[in-house]
Amino acid sequence: MAKISVGKKDLLWVYWSRFLTIGINVLLLPLIMKYLRDEELGLWYVFASISQIVNLFDFGFNSTISRHMTYAWSGADKLKKRSTAEGYSNTTNTKLVSELIVTCKMIYLIISIIGFLIMSTLGTFYIYKVVKEGVTQKILMAWIVYTVSVFLNMFYGYWSSLLQGIGAVEERSKMAVFSKVTQILVAGGLILSGFGLLGFVISYLLSGLVLRIAGKIFFYRCTKSFEIHEKVQFSQVKNCFSMVWATAWKDGMVMLAQYFGTQANTLICAYYIDLSSTSTYGVMTQVVSIIAQVSSSYFNAYQPVFSSACLRKDKEKQKEIASKTDLIYKVVFLMGTLALLTLGIPLIKLLRHGMNIGAGFCALLCLFYYLFNQKDLFASMISSFNEIPYWPAYVFSSVCSLGLSIVFVGQFHLGIMGLVLAQLIVNVIYNFWKWPLYLMKKINLHYYEIYTIGFRGIFEGVYSKRQ
């Protein structure tokens, strides 16, 4: 069996890619803050928010396909709609892997075409609506390039999920490294040459192409010793799609909820307040999101191992990964928050004179993202059992937070602070505590064991590394 395991080298590459992402964003952020006008900076975050809407047409296929690929790679005899397979063998199910690959290609071709049509029509209309001084030829060109780049990224988006599914953690991290290096080099050169927003968009296009090309090369390298068939009958694809769709649509509902619960606030800010405030909100959510991403890196590396443990019903492995995940998340996020409050805010104000960033807003934003991302970590572990019980609560909460955000901003004029308050109030009522408790009950994990098992696992890893 092609055993899924994550070694120290894999984990090192994960953190290296995360820290490189931070380093590049640290370099890019001052660059775009210095050379892009407030309206251009705000417009970039509007671009990104619109593309997030379009990416919702992925509708959960990315994570679901990755999960099912893990099952097939771990030897599952067949896919099931609402649970892991009952039986598995000691060899990779190459027939099932082949079916998943072909199904992926068909799904993402359809998704990318739909996304392109949406951005070309409704997206263009929204851009003309929010740019009150009029859409210039330069802005229109930037939007066209961005639309094409989103189409290409969606079309080849499955390589990343396939690599994640087979546990190719190192290769998946290398993709991100190559992509980010391309982005910083191209963006730096073009922005300094006076291309402005257009230069940043072109760098995004090229970095996405590098990401997808590298993904394809790495995947075929990792699977070259296996007999992967490209010729799959339509009936097999249809059956594979029905298995994937059974949980993918629930993951899709979660994606919709996540977007409207967080990213849609950028569009609300641009519509109800102004692009200058949008740039402030966009920059700060980007920075805090980076802290959350780094804090979650451990589970991102070990998710295929956790899914494989769910297939094999290995409770001890499940408890070990869950405990170390939450403990590492807590420590790293706390350190990142302290660094942001003491060093990050003064540095951002130094780079962007006049950007109004209150310490209270920053602290509240960090608190929200800490709880929000922690809840998502536990939800991801629950989904590894091929169960998505949390989707109705996610959808209900997102609708409530979206409505409350509009009320706080549009009626009470609370500004960007109101956007964060609305999300925090709604989610703390249920989601923030419900799903961590659900997972701990499912794997029989007591809260104190997060520290006992977590600390033991971390120290044993450090000790074995020194040995």
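Residues numbered from 1 in each chain as written. Predicted model: local features only at pLDDT ≥ 70, side-chain atom pairs only at ≥ 80, totals over all residues. Heavy atoms only, no water.

> Any details on the overall build of the protein? Residues and values, ideally.
Per the secondary structure count, the protein includes 17 helices and 0 strands. Its C-alpha atoms give the protein principal-axis dimensions of roughly 65 × 50 × 45 Å. Here the protein, with 467 residues, has 56% of them falling under the buried criterion. Sequence separation of at least 24 residues holds for 84% of the intrachain contacts in the protein that already meet a minimum separation of 6. Total accessible area on the protein is roughly 20300 Å²; 65% of this is exposed by carbon and sulfur atoms. (Helix = DSSP H or I, 4+ residues; strand = E, 2+ residues; numbered from the N terminus. Buried < 20%, exposed > 50% of the residue type's maximum accessible area, 1.4 Å probe, protein only. Contact = heavy atoms within 4.5 Å. Areas by Shrake-Rupley, 256 points an atom, 1.4 Å probe, with all protein chains shown as cover.)

> Which residues make up the confidence of the model for the protein, and what are the values?
Of all residues in the protein, 91% have pLDDT values of 70 or greater, and the mean over the chain is 82. Mean pLDDT in the protein bottoms out at helix 1 (residues 8-35), which sits at 70, and peaks at helix 16 (residues 431-442), which reaches 94. Every residue in residues 462-467 scores below 50 in pLDDT, and together they form 2 contacts with partners more than four places removed in sequence or on other chains. (pLDDT = per-residue confidence, 0-100.)

> Account for a nonpolar patch on the surface, naming residues and giving values.
Taken together, Phe57, Leu109, Ile110, Ile113, Ile114, Phe116, Leu117, Tyr128, Leu140, Met141, Ile144 and Val148 make up a surface patch of nonpolar side chains, about 1000 Å² in accessible area. Sorting the residues of the nonpolar patch by element identifies helix 4 (94-130) and helix 5 (137-155) as the ones contributing at least two each. Here the nonpolar patch takes 7 residues from helix 4, the largest share from any one element. (Patch = residues over 30% accessible without salt bridge, like charges linked within 9 Å, V, L, I, M, F, W, Y side chains within 5 Å. Salt bridge = Lys/Arg side-chain N within 4 Å of Asp/Glu carboxyl O.)

> Just give me the short version of the pattern of salt bridges, but keep the residues and values in it.
When their charged atoms lie close together, side chains carrying opposite charge are able to pair. Taken as a whole and judged by the stated rule, the model has 9 salt bridges. In this structure, Lys174 and Glu170 form a salt bridge, with 3.0 Å as the shortest nitrogen-oxygen distance. With a gap of 4 residues between them, Lys174 and Glu170 both fall in helix 7 (residues 169-192), about one helical turn apart.

> Quick rundown of the side chain of Thr337? Include the residues and the values.
On the secondary structure map, Thr337 appears in helix 12 (residues 315-351). Classification of Thr337 by relative accessible area gives buried; the value is 13%.

> Account for helix 4, with residues named and values stated.
Over its 37 residues, helix 4 extends 50 Å from the first C-alpha to the last, a length consistent with the 54 Å expected when each residue adds 1.5 Å. Most pronounced at Gly123, the bend in helix 4 amounts to some 35°. (Expected span 1.5 Å × (residues − 1). Bend = angle between axes of the 7 residues up to and from the residue.)

> Requested: an account of the packing of helix 2 (residues 38-55) against helix 5, with residues and values cited.
One can describe the packing of helix 2 onto helix 5 by two numbers: an axis separation of 11 Å at closest approach and a directional angle of 30°. As for how helix 2 packs across helix 5, the hand of that crossing is right-handed. From helix 2, Leu43, Trp44, Phe47, Ala48, Ile50, Ser51, Val54 and Asn55 reach across to helix 5, where they touch Ile139, Ala142, Trp143, Tyr146, Val150 and Met154. A class-by-class count of the residues in the contact of helix 2 with helix 5 yields 12 nonpolar, 2 polar and no charged. (Axes fitted to C-alpha atoms, helices over the stretch in contact; angles between N-to-C directions. Left-handed = near helix turned anticlockwise from the far one by under 90°. Nonpolar A, V, L, I, M, F, W, Y, C, P; charged D, E, K, R; others polar.)

> How would you summarise the nonpolar core if you had to cite specific residues and measurements?
Core analysis: the biggest nonpolar cluster contains 133 residues, and Leu43, Val46, Phe47, Leu162 and Phe333 have the highest contact counts within it. Here this core takes 15 residues from helix 13 (residues 359-383), the largest share from any one element. Contacts of Phe333, omitting those with residues within four sequence positions, involve Val288, Ile291, Ala292, Ser295, Cys366, Tyr369 and Tyr370. (Core = buried A, V, L, I, M, F, W, Y, C linked by side-chain atoms within 4.5 Å.)

> How would you explain empty space enclosed by the protein if you had to name every residue and give the values?
Applying the stated criterion across every chain, the model contains 4 cavities of 30 Å³ or more. Here the second largest cavity is characterised by a volume of approximately 60 Å³. As for the second largest cavity, its lining consists of Ala257, Gln258, Gly261, Phe372, Lys375, Tyr394, Ser397, Ser398, Ser401, Asn427 and Asn431. Contributions of two or more residues to the lining of the second largest cavity are made by helix 9 (234-272), helix 13 and helix 14 (391-411). Tallied by class, the residues present in the lining of the second largest cavity amount to 3 nonpolar, 7 polar and 1 charged. (1 Å grid on protein atoms, 1.4 Å probe; cavity = no way out; pocket = protein on both sides within 12 Å on 5 of 7 lines; lining within 4 Å. Points joined across faces, edges and corners; volume = space filled by probe spheres on them.)

> Please provide a residue-by-residue account of the packing of aromatic side chains, values included.
Per the counting criterion, the structure on display carries 27 aromatic pairs. Ring centres of Phe219 and Tyr220 lie 5.9 Å apart, and the angle between their planes is 75°; this geometry places the pair in the edge-to-face category. Ring geometry for Phe368 versus Phe432: centroids 6.2 Å apart, planes at 55°, classification tilted. With Phe368 in helix 13 and Phe432 in helix 16, this pair connects stretches of sequence that are 64 residues apart. Among the residues examined, Phe368 registers a relative accessible area of 0% and is labelled buried. Taken together, the ring pairs in this structure connect Tyr390, Tyr394, Tyr430, Trp433, Trp435 and Tyr438 into an aromatic cluster. We note Lys375 situated over the ring of Phe372; from NZ or CZ to the ring centre the distance is 3.7 Å. The ring of Phe385 has Lys442 sitting right over it, with the charged end atom 4.9 Å from the ring centre. (Phe/Tyr/Trp six-rings, centres within 6.5 Å; stacked < 30°, edge-to-face > 60°. Lys NZ or Arg CZ within 6 Å of the ring centre and 35° of its normal.)

> How would you sum up the environment of Ile268? Please name residues and give values.
Relative to the assigned elements, Ile268 resides in helix 9. Its relative accessible area of 7% is what places Ile268 among the buried residues. Along the backbone, Ile268 and Leu419 are 151 residues apart, and their C-alpha atoms lie at a distance of 8.7 Å.

> Give a detailed account of the layout of surface pockets, specifying residues and quantitative values.
Computed from the structure, the second largest pocket encloses a volume of approximately 310 Å³. Taken together, 14 residues make up the lining of the second largest pocket; nearest its centre are Ile50, Ile53, Leu122, Tyr126 and Leu267. Mapped by element, the contributors of at least two residues to the lining of the second largest pocket are helix 2, helix 4 and helix 9. At 6 residues, helix 4 tops the list of elements feeding residues into the lining of the second largest pocket. Looking at the lining of the second largest pocket residue by residue, the classes come out as 13 nonpolar, 1 polar and no charged.

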